[in-house]
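Overview (structure and organization)
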Amino acid sequence: MNLSQALEHANAFVFPGFLTDAEALNAERQKNEEAIQLLMDAWRTSAPGTEPFSFDLVRNLADRNRTTCDSYGTELLRDLPPTSLSRKLSDEDLICSVAALQHRSFDEVARSAGPDARDLATAYVEAPVSGTILGIDIETTDRDPSRGYIINVGLEFMELTPKAKPQRPFMGYCGLPDLYREKGVPLSFVHHIGWAQLEGRKPFRQDRKMQEALLAAMEAFPYMAHNAAFEDSWFMLQLDGYAEARKAGRIVPIDTRDICRRVDPEYKMLPHDSRPAALESWARRRGTLKASEKEKHLGLEDVDLMFRTVQAEFAERNMFAE
């Protein structure tokens, strides 16, 4: 498939429920996901203001793909690798996040970070951090944002000081198509969210009030998430206006997993299979989670744990402003 074919596929009118057999549904899913990647790449790499199409086209195709996956059976896709999930933020994104934390220019941080951001660990600690940060965590029904749904959003704000407490907490549930009433909520073994918590709730893509509030908050403050590439990937395809604001530089994600990997000296001494950069492991090292406790895997609880852990790390490294 080339870009022209991807555009034609995205603009094609598809009758809901027209495809019924598993082979045809899976073939449609594959075409959808290939088109999404081609369209996203073309949109991202075009100069601002010269994009060949509105990003709404990509979001709408992702919406269409979710319906296709529901009909096919998401349980059959569980072991397939995600096609729309980024593994990490780019080096440019990471430099932007350090600049936002320290209120420095991108160029100044980039000089400290060096080629390929290999010395970004130095940049993290060479200037104090300060200001207000938004913390976000989401729970979803799949790893791939073009296949699954956001079902839980947690967020709160915190000043970057040694003794600050998180403020203005918000936690909300988002609904699912009714077929999951009988099938069960996917990945419930991770997040422990059941149908009773979602029944009667608007799906995230239809909750205009929640979407507008989230976008406004993320445009007002840099946002932190542990493995922020996950939230970034999901918001790209599911939050109206996010991709456009992100490309324009009005949204700056900060990945606390990258902070852990670069700033915490214990990280490099631990075996990889112990998942030392996982929030749960990092929090235990910093004493913000007891050895007998586990990460909750619910939006607001995980944001609170992330904030307390990054605050402890910053304090240990003397990274706060005097």
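Structure first, text after, so check above.
For clarity, every value in this text was computed on a predicted model and none was experimentally measured.

Here we look at the pattern of salt bridges
- Scanning all chains against the criterion turns up 33 salt bridges.
- When the shortest N-O distance is used, the salt bridge between E28 and R64 registers 3.8 Å. Of this pair, E28 sits in helix α2 (residues 22–45) while R64 sits in helix α3 (residues 56–72), and the two are 36 residues apart along the sequence.
- We classify E28 as buried; its relative accessible area is 10%.
- R286 is paired through a salt bridge with E313; the nearest N and O atoms lie 2.6 Å apart. With a gap of 27 residues between them, R286 in helix α14 (residues 279–286) and E313 in helix α15 (residues 299–316) connect regions that are remote in the sequence.
- For R286, a relative accessible area of 12% translates into the label buried.
- A relative accessible area of 0% means that E313 is categorised as buried.
- Residues participating in the shared-partner salt-bridge network are D56, R59, D63, R66, R205, R208, D240 and E244.

Regarding the layout of surface pockets
- Reported here for the largest pocket is a volume of approximately 1,200 Å³.
- If you go around the largest pocket, you meet 36 residues; those closest to its centre are H226, N227, F230, R257 and R275.
- With five residues, the top contributor of residues to the lining of the largest pocket is strand β1 (residues 132–140).
- Counted by class, the lining of the largest pocket contains 15 nonpolar, seven polar and 14 charged residues.
- In this structure, the second largest pocket spans a volume of roughly 520 Å³.
- Elements represented by at least two residues in the lining of the second largest pocket include exactly α2, α4 (91–102), α11 (228–238) and α12 (242–247).
- Residues of the lining of the second largest pocket, tallied by class, amount to eight nonpolar, three polar and seven charged.

Quick look at the nonpolar core
- Judged by nonpolar contacts, the single largest core of 78 residues is most densely connected at L120, L214, M218, M224, F235 and I259.
- Considering each element in turn, this core owes the most residues, seven residues, to α11.
- Leave out the neighbours within four places in its chain, and L214 touches I136, V153, L155, F204, F235 and L239.
- Formed by nine residues, the second largest nonpolar core is a distinct cluster that contains I151, Y173, V185 and I193.

Digging into the sheet that holds strand β4 (residues 223–225)
- The strand order β3-β2-β1-β4-β5 describes an open sheet built from five strands, whose pairing is mixed. Two strands lie at the open edges of the sheet, namely β3 (167–173) and β5 (253–255), each paired on one side alone. In this sheet, neighbouring strand axes are inclined to one another by 25° on average, regardless of whether the strands run parallel or antiparallel.

Rules used in this analysis
Residues numbered from 1 in each chain as written. Predicted model: local features only at pLDDT ≥ 70, side-chain atom pairs only at ≥ 80, totals over all residues. Heavy atoms only, no water. Salt bridge = Lys/Arg side-chain N within 4 Å of Asp/Glu carboxyl O. Helix = DSSP H or I, 4+ residues; strand = E, 2+ residues; numbered from the N terminus. Buried < 20%, exposed > 50% of the residue type's maximum accessible area, 1.4 Å probe, protein only. 1 Å grid on protein atoms, 1.4 Å probe; cavity = no way out; pocket = protein on both sides within 12 Å on 5 of 7 lines; lining within 4 Å. Points joined across faces, edges and corners; volume = space filled by probe spheres on them. Nonpolar A, V, L, I, M, F, W, Y, C, P; charged D, E, K, R; others polar. Core = buried A, V, L, I, M, F, W, Y, C linked by side-chain atoms within 4.5 Å. Contact = heavy atoms within 4.5 Å. Pairing = 2+ DSSP bridges. Axes fitted to C-alpha atoms, helices over the stretch in contact; angles between N-to-C directions.

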